[in-house]
Amino acid sequence: MTKRRMAIIGLGKIAQDQHLPVIDKSDDFELVAVTSQRGLGHGGVPSFRTPAEMYAAIPDIDAVAICTPPEVRHAIAIEALDAGKDVMLEKPPAATLSEFEDLVSHAQRLGRVLFATWHSQYNPAVDEARALIAAAGLRSLRIEWREDVRKWHPGQDWVFEPGGFGVFDPGINALSIFVRILPGSAFVKSADLTYPANRQTPIAAKLAFSSNITGALLLSADFDWREQGDEKWHMMIETGDGRSARLFKGGAALSIDGQLVAEAPSEEYERIYIRFADLLAERKSDVDAGPLRLVADALMVGKRLATDPFEW
Ligand code: NAP
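Note that the structure is a prediction, hence the values are computed from the model and not measured.

Undergrad: Any chance you could explain the overall build of the protein chain here in plain terms?
TA: Helix and strand counts for the protein chain stand at nine helices and 15 strands. The C-alpha radius of gyration of the protein chain comes to 20 Å, within 12% of the 20 Å expected for a compact globule of 312 residues. Counting only C-alpha atoms, the protein chain reaches 60 × 45 × 35 Å along its principal axes. For the protein chain, the residues scored as buried account for 52% of the 312 residues in total. Partitioning the contacts of the protein chain with sequence separation of at least 6, the portion at a separation of at least 24 is 70%. Total accessible area computed for the protein chain in this model is approximately 13,600 Å², and 49% of it derives from carbon and sulfur atoms. Side chains of the protein chain give 34 positive and 44 negative charges; the mean places of these two sets differ by 2 Å.

Undergrad: Looking at this model, I keep getting lost on the pattern of salt bridges. Mind explaining?
TA: Oppositely charged side chains can pair when the atoms bearing their charge come close. A full pass over the atoms with the stated rule returns 23 salt bridges. Residue Glu 238 is joined to Arg 139 by a salt bridge in which the shortest nitrogen-to-oxygen separation is 3.4 Å. You can see Glu 238 sitting in strand 11 (residues 232–239) and its partner Arg 139 sitting in strand 7 (residues 138–146), a full 99 residues away along the chain. Two residues, Asp 222 and Lys 206, come together in a salt bridge whose shortest N-O distance is 3.6 Å. Of this pair, Asp 222 sits in strand 10 (residues 218–224) while Lys 206 is found in strand 9 (residues 204–211), placing the two residues 16 residues apart along the sequence. Assessed through its relative accessible area of 47%, Lys 206 is described here as partly exposed.

Undergrad: Help me understand the packing of aromatic side chains, please; the structure alone is not making it clear to me.
TA: Each aromatic ring pair is characterised by the separation of its centres together with the angle its planes make. One pass over the full model with this rule turns up 10 aromatic pairs. Residues Phe 29 and Tyr 273 carry aromatic rings whose centres are separated by 5.5 Å and whose planes lie at 80° to one another, so their mutual orientation is edge-to-face. Residue Phe 29 is found in strand 2 (residues 29–35), and its partner Tyr 273 is found in helix 8 (residues 268–282); the two are separated by 244 residues along the sequence. Residue Phe 29 is classed as buried on the basis of its relative accessible area, which comes to 1%.

Undergrad: Can you help me understand the sheet that holds strand 12 (residues 244–248) in this one?
TA: Backbone hydrogen bonds are what pair the strands of a sheet, in a parallel or an antiparallel way. Strand order in this open sheet of nine strands is 14-13-12-11-7-10-9-8-15, and the pairing throughout is mixed. At either end of the open sheet lies a strand with only one pairing partner, and these are strand 14 (259–263) and strand 15 (303–307). On average, adjacent strands in this sheet sit at an angle of 15° to one another, irrespective of strand direction. Bridge count for strand 11 against strand 12 is four bridges, and the pairing is antiparallel. If you follow Glu 238 over to strand 12, its bridge partner there is Ser 244. Across the sheet, helix 5 (residues 124–136) lies against strand 7, strand 11, strand 12, strand 13 (253–256) and strand 14, angled at about 35° from strand 13, the strand it touches most.

Undergrad: When you look at unusual backbone geometry in this model, what are you seeing that I'm missing?
TA: Excluding glycine, most residues fall at negative phi; most peptide bonds, likewise, are trans. Note that the residue after Lys 91, namely Pro 92, is joined by a cis bond; omega there is -20°. With respect to the helices, strands and loops of the structure, Pro 92 is situated in the loop between strand 5 (86–89) and helix 4 (97–110). Even without glycine at this site, Phe 165 takes up a positive phi of about 75°. Note that Phe 165 resides in the loop between helix 6 (149–152) and helix 7 (168–181). The exposure class assigned to Phe 165 is buried, which follows from its relative accessible area of 9%. Backbone geometry places Arg 283, a non-glycine residue, at a positive phi of 55°.

Undergrad: So what exactly am I meant to see when it comes to the domain arrangement of the protein chain here?
TA: The accessible area lost on association of the parts is a frequent measure of interface size. The domain boundaries assigned to the protein chain delineate domain 1 (4–116) and domain 2 (121–264 + 296–307). Taking only C-alpha atoms, the centre of domain 1 and the centre of domain 2 are 28 Å apart. Taken together, the contact pairs 10 residues of domain 1 with 11 residues of domain 2. In total, domain 1 and domain 2 occlude about 800 Å² of area from one another, counting both sides; carbon and sulfur atoms represent 67% of this.

Undergrad: Any chance you could explain the sheet that holds strand 1 (residues 4–9) here in plain terms?
TA: Taken together, the six strands give an open sheet; going across it, the order is 3-2-1-4-5-6, and neighbouring strands pair in parallel fashion. The open sheet is flanked by strand 3 (47–48) and strand 6 (114–116), the only strands paired with a single partner. By the bridge criterion, four bridges tie strand 4 (residues 63–66) to strand 5 in an arrangement that is parallel. The residue of strand 5 that forms the bridge with Ile 66 is Leu 89. Its contacts with the sheet put helix 4 on strand 5 and strand 6, and the angle it makes with strand 6 is roughly 150°.

Criteria and cut-off values
Every chain is numbered on its own, with residues counted from 1 as its sequence reads. For this predicted model, a pLDDT threshold of at least 70 governs which residues receive local features, and a threshold of 80 or more governs which side-chain atom pairs are given and counted, while totals over whole chains, interfaces and linings are taken from all residues. Excluding hydrogens and water, the side-chain figures rest on all heavy atoms present in the structure. A run of DSSP states H or I qualifies as a helix once it reaches four residues; a run of E qualifies as a strand once it reaches two. Both are numbered from the N-terminal end. Put simply, the radius of gyration uses C-alpha atoms, and a globule should come to 2.2 Å times the residue count raised to 0.38. Each residue's exposure class comes from its accessible area (1.4 Å probe, protein chains only) as a fraction of the maximum for that residue type: buried when under 20%, exposed when over 50%, partly exposed otherwise. Here, residues are in contact when the closest pair of their heavy atoms is within 4.5 Å. Under the convention used here, a 1.4 Å probe and the Shrake-Rupley method define accessible areas, while residue burial counts only the protein chains that appear. In this tally, Lys and Arg are treated as positive and Asp and Glu as negative; His is ignored, and so are the chain termini. A charge is said to be at NZ when it belongs to Lys, at CZ for Arg, at CG for Asp and at CD for Glu. Within this document, salt bridges are pairs made up of a side-chain nitrogen of Lys or Arg and a carboxyl oxygen of Asp or Glu, the two lying within 4 Å of each other. Any two rings among Phe, Tyr and Trp, with Trp reduced to its six-membered ring, count as a pair given centres within 6.5 Å; such a pair is stacked if its planes are under 30 degrees apart, edge-to-face if over 60, and tilted if neither. The rule for pairing is simple: two strands pair if DSSP sees at least two bridges between them. Orientation is described by lines fitted to C-alpha atoms, with helices fitted over the stretch in contact, and by angles between N-to-C directions that extend from 0 to 180 degrees. These domain boundaries are the output of an automatic or database domain assignment. When two components associate, each loses some accessible surface as probed by a 1.4 Å sphere; the sum of these losses over both components is called the buried area.

Here's what the structure looks like:
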């Protein structure tokens, strides 16, 4: 089978940790070029400073994965679509909902495939949790997503700049699982957003949700970047029939009443690229705005709290 000719834009942490190694071993894709502002390269493929130079030099690139910070994603994605490329977007897919909607309609107009990835959804334990709730109903769900920003975003100042999402950068991963496993819609009712005095985005957020899900009484989320020691990426679920489930390890493991029922080594990005290959074969886009909408809503109804200045 001929492999799709793929390029990566932005060779930062996630490109290096996941996209490049996954493409290197993919049966569906081959890496043919990269764009790196800093001039980084990978595996001897040509490296360009800008996407425009890349598209001019290598016109037969089929698709690009945009792995930059979200603030610049819209312009880079529009340029890629206009150059005739199918596009995979790292999460969050854009800095705002209207930018994202514009990307969706632009891709549709041009007949290009657009894939807004939500990597945390690509875990078998998440599928199990969804099936459990569909069968047993939902009484409560409490998200705890707490990690040390210095460990997970060392020196990444953009996360604290406008459009950088702050603690919602990891929090949106939890929300992507949340929207996937809920049997209905949740609405942000309140949000306590804690901002360091010298930063533009929250370092912590506590959310309470209402929903249209029969029987679901308590839905909440606690995101915090000030956690010391091991990260806590889990959600506690009480089912409609009284069982206690825990989805943990970022969605990679599920236990029910203390018994481990699903755990697999993380293959989120392997599954993302398989999904992209399927979307390309079907010429279909996958563009769920749900997690981004919840973050936007939290920022709209949120109450601002102040805390100490943050320095790396
Ligand atoms: P990062 O390490 O800061 O990398 C982003 C890269 O994008 C930079 O290294 C730079 O690469 C390029 N870039 C930066 N500013 C740019 C600009 N103004 N225009 C064009 N390119 C620019 O960030 P990251 O952690 O990889 O995160 C990138 C995205 O992936 C974020 O949306 C994040 O939420 C998502 N993500 C991150 C992780 C993670 O574990 N870090 C996990 C999943 C998803 P070059 O110099 O090579 O161009």
